[in-house]
Amino acid sequence: MQVLNSPTQTSPSYATQEPFLIFDNLSKVYPTPTGDFVVLDGIDLAINEGEFVCVIGHSGCGKSTLLDMVAGFRQPTNGEVRLQTQAIQAPGPDRMVVFQNYSLLPWLTAYENIYLGVKSVFPGKSEAIKKRIVMEHLEMVGLADVANKKPSALSGGMKQRVCIARALALRPKVLILDEPFGALDPITREELQEELLTIWRDHQITVLMITHDIDEALFLSDRVVMMTNGPAAKIGEIMLVPFARPRERARMMEDPKFYELRNEALDFLYHRHAHADD
Amino acid sequence: MTAPLDIRPARSRFNLQKFANSSLDALKGLVPPAVAILIFLVIWQVLTMGPDANLPTPVRTVQETWELIINPFFNYGGTDKGLFWQVWTSLQRVALGFTLAAVVGIALGILVGTSSLMYSALDPLFQILRTVPPLAWLPISLAAFQQANPSAIFVIFITAIWPIIINTTEGVRQIPQDYNNVARVLQLSKSEYFFKILFPATVPYIFTGLRIGIGLSWLAIVAAEMLIGGVGIGFFIWDAWNSSRISDIIIAILYVGIVGLLLDRLIVFIGGLVLPEEQKQ
């Protein structure tokens, strides 16, 4: 408990590492007939290898645009996103995305959905190895027995597990999650959060996740990036989450520090940067 | 409306027809259309019963066309053939023209749907041409082909192709952005994208186009055959009009309607076989 209560003691030793994923003065402007519409304005952020970072903010704050530029779906107007010093220009399997609405192909089984990516990304590997990669990752998310089921036969939580398995099967450097658990019921959401943490620990993967849920962000991440409201959204504050890992939800909830951080985040979102609608 | 009055008949019926319930339900479904047809026939009979009616009564229609009804397979040479052969000839033309329209239409639709340049270039043209009535194409195709049969087939082709193109294009353009994003992240090859994403996602739209197309084909063939002559249900109707065999026309119209319905059902049936399970509504 003492460790949990003293953030200074647990602040990660990132200072010694080279940043892995860098947002360098990133801006996104959409030209409109009535003038330029600035979505994101000067985002600077350095994420370390193996770090778990959550981005929170109100809808319309450009979180998804930010994520799209990391994934490579959109190009920044100014600045750039660099992964291991390489500027990101196009989508690629080194930055796998788990979308909110599952995005599994409904006419393919869970196995085929994962296999499609494995086949495309590892064309040189033998059929047996590709098959093993798919099955290993289905097992990782505990879904080996529904490998031959189509998405329509799976629950929301199962679909999202398949998506995570598909993403990780391609050995990405960064796992990008766009409100992955937003559509799930609270119990499934908590289960998947814990599974995600286990997978993150086992794979030593860098995770960038967008969420609406402050509790989720605090439970999962090393740092919470809080965005100001759009247009021209910026990074408002970056909150360090000092809880020791592996984390236990029940223990974290007992920690006064948790409520301190939670209130700080709530204050940021609902007072200092309250949405016009709220 | 007391309770015993309500319950008793229901219970007794249930006990009597415990095993016949499902077939009874099916029969019940047939009652409204049967009643509607009966009312239609009665109105027809009443309207045409007068001494100076221009059209035959239903009873007279059946009497006069009894030969045609009981023997659809006769063949006395020339255009003097039973209704089966007339319809069969028309169907062959439709099959050829429609198949061509399906192949070309789907290919063009995918091309136009995947390329925004092609879309902006060709969509206005399609939108104009699709409104041209089928028969307006007949003179120009006669001029081009110089023969009746290819002209009729071309009219079918050109009539059926627009809804197929337009629906296929729409299907391609409606592919959910998520699927395209998945394809981009996974860096799928062109053929993989085509067979695993584009085609399965577009199939329901293609079948909508095919269904509209087959309906239009059947509309067009009857009209085109009236003008080109020879064997075929369209010319049969025209020929009957010229020989004042009004009853024959009525029977032929019934045939045309039933065959049109069957063609529509056929496309729906094939669609049911081809459509990915998850794409069915």
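Notes on the structure in this doc start here. Along each chain, residue indices are assigned from 1 in the same order as the chain's sequence is written. The lettering of chains begins at A and the numbering of ligands begins at 1, in the order of writing. In keeping with the model being predicted, local features are shown solely for residues with a pLDDT of at least 70 and side-chain atom pairs are shown and tallied solely at 80 or more, while totals for entire chains, interfaces and linings include all residues. Based on all heavy atoms of the structure, the side-chain values leave hydrogens and waters out of the count.

**Section: the overall build of chain A**
(1) Moving on: Counting its regular elements, chain A contains 10 helices and 10 strands.
(2) Moving on: A radius of gyration in this sense is built from C-alpha atoms; the matching globule rule multiplies 2.2 Å by the number of residues raised to 0.38. A globule of 278 residues ought to have a C-alpha radius of gyration of about 19 Å, and chain A, at 19 Å, matches this closely.
(3) Moving on: With respect to the principal axes defined by its C-alpha atoms, chain A has extents near 55 × 55 × 40 Å.
(4) Moving on: The buried share among the 278 residues of chain A stands at 52%.
(5) Moving on: A separation threshold of at least 6 residues defines the contact pool for chain A, and within that pool the share at least 24 residues apart is 69%. Secondary structure counts use DSSP, requiring at least four H or I residues in a row for a helix and at least two E residues in a row for a strand, with both numbered from the N terminus. Exposure categories follow from relative accessible area, calculated using a 1.4 Å probe and restricted to protein chains: below 20% of the type maximum is buried, above 50% is exposed, and the middle band is partly exposed. What makes two residues a contact is simply this: any of their non-hydrogen atoms within 4.5 Å.

**Quick look at the interface of chain A and chain B**
(1) Moving on: On the chain B side, the residues contacting the 25 residues of chain A number 17 residues.
(2) Moving on: Ranking the residues of chain A by area buried against chain B places Phe 73, Trp 107 and Leu 116 of chain A at the top, with a combined share of 34%.
(3) Moving on: Only one rule defines a salt bridge in this text: a Lys or Arg side-chain nitrogen within 4 Å of an Asp or Glu carboxyl oxygen. For Glu 192 of chain B, the salt bridge goes to Lys 119 of chain A, with nearest N and O atoms at 3.3 Å.
(4) Moving on: As used in this structure description, the phrase polar contact means that two N or O atoms lie within 3.5 Å; if the pair is within protein, one of them must be able to donate a hydrogen and the other to accept it, and residues adjacent in sequence are counted only when both atoms belong to side chains. The interface formed by chain A and chain B holds five residue pairs in polar contact (both at pLDDT 80 or more) in total.
(5) Moving on: Among the elements of the structure, β6 (95-98) and α4 (110-121) of chain A are those that each provide at least two residues to the side of chain A that touches chain B.
(6) Moving on: With five residues, α4 of chain A is the largest single contributor of residues to the side of chain A that touches chain B.
(7) Moving on: Each residue gets one label: Ala, Val, Leu, Ile, Met, Phe, Trp, Tyr, Cys and Pro are nonpolar, Asp, Glu, Lys and Arg are charged, and the others, such as Gly, are polar. Grouping the amino acids of the side of chain A that touches chain B by side-chain chemistry returns 14 nonpolar, seven polar and four charged. The quantity reported as buried area is the accessible area (1.4 Å probe) lost by two parts once they are put together, taken as the sum for both.

**A short note on the packing of helix α11 (residues 233-242) of chain B against helix α12 (residues 246-274) of chain B**
When two helices pack together, their arrangement is given by the angle between the helix axes and the distance between those axes.
Residues and elements named next belong to chain B.
(1) Moving on: Axis lines are fitted through C-alpha atoms, for helices just across the contact stretch, and the angle between N-to-C directions can take any value from 0 to 180 degrees. Two numbers describe how α11 lies on α12: the axes approach to 8 Å, and their chain directions differ by 160°. Of the possible angle classes, the one that applies to α11 and α12 is roughly antiparallel. Our pair here, α11 against α12, has a crossing hand that is left-handed. Contacts between α11 and α12 involve Ile 233, Phe 236, Ile 237, Ala 240 and Trp 241 on the former and, on the latter, Ile 246, Asp 248, Ile 249, Ala 252 and Val 256. Angular relationships are summarised with four words: roughly parallel below 35 degrees, roughly antiparallel beyond 145, roughly perpendicular across 65 to 115, and oblique for the angles in between. In a left-handed crossing the near helix is turned counterclockwise from the far helix by less than a right angle, and in a right-handed crossing that turn is clockwise.

**A closer look at the pattern of salt bridges**
Proximity of charged atoms lets side chains of opposite charge pair with each other.
(1) Moving on: Taken as a whole, this structure holds 25 salt bridges over all chains when the rule is applied.
(2) Moving on: Here Arg 161 of chain A and Glu 191 of chain A are joined by a salt bridge, their closest N and O atoms 3.5 Å apart. Placement of the pair is Arg 161 of chain A in helix α6 (residues 156-169) and Glu 191 of chain A in helix α7 (residues 186-203), with a sequence separation of 30 residues.
(3) Moving on: Where Asp 25 of chain B meets Lys 28 of chain B, a salt bridge forms, and the shortest distance between an N and an O atom there is 3.7 Å. With Asp 25 of chain B and Lys 28 of chain B both in helix α2 (residues 21-47), this residue pair falls three residues apart, about one helical turn.
(4) Moving on: Among the residues examined, Asp 25 of chain B registers a relative accessible area of 46% and is labelled partly exposed.
(5) Moving on: Taking relative accessible area as the criterion, Lys 28 of chain B reaches 42% and is therefore assigned partly exposed.

**Re helix α6 (residues 116-129) of chain B**
(1) Moving on: Between its first and last C-alpha atoms α6 of chain B spans 20 Å; for 14 residues at 1.5 Å apiece the expected length is 20 Å, and the two agree.
(2) Moving on: Within α6 of chain B, the axis deviates most sharply at Leu 122 of chain B, by approximately 40°, and proline Pro 124 of chain B lies no more than four positions further along. Expected span, for any helix, means 1.5 Å times one less than how many residues it has. Bend is computed residue by residue as the angle between axes fitted to the seven residues ending at the residue and the seven residues starting at it.

**Describing the sheet that holds strand β2 (residues 35-48) of chain A**
All names here are of chain A.
(1) Moving on: Pairing is antiparallel across the open sheet formed by four strands, whose spatial order is β2-β1-β4-β5. The open sheet has two edge strands with one neighbour each: β2 and β5 (86-87).
(2) Moving on: Note on pairing: two strands pair once DSSP finds at least 2 bridges between them. Direction of pairing for strand β1 (residues 19-32) relative to strand β4 (residues 78-83): antiparallel, over a ladder of five bridges. By the bridge assignment for β4, Ile 22 is matched with Arg 82.
(3) Moving on: Helix α3 (residues 63-71) contacts β1, β2 and β4 of the sheet and is inclined by roughly 120° relative to β1.

**Re α2 of chain B**
(1) Moving on: Here α2 of chain B spans 39 Å end to end across 27 residues, near enough to the 39 Å set by a 1.5 Å rise per residue.
(2) Moving on: The largest bend along α2 of chain B measures about 25° and falls at Val 31 of chain B, with the proline Pro 32 of chain B one to four residues further on.

**Details of the sheet that holds β6 of chain A**
Residues and elements named next belong to chain A.
(1) Moving on: One open sheet accounts for six strands, arranged β6-β7-β8-β3-β9-β10; its pairing is mixed. Both outer strands of the open sheet, β6 and β10 (235-240), are each paired with one neighbouring strand and no more. Averaged over all neighbouring strand pairs, the angle between strand axes comes to 20°, with direction disregarded.
(2) Moving on: Where strand β3 (residues 52-56) meets strand β8 (residues 206-211), five bridges bridge the pair, whose relative direction is parallel. Counted as the bridge partner of Ile 56 is Thr 211 from β8.
(3) Moving on: Contacts from α6 reach β6 and β7 (174-178) within the one sheet, and its direction differs from that of β6 by about 175°.

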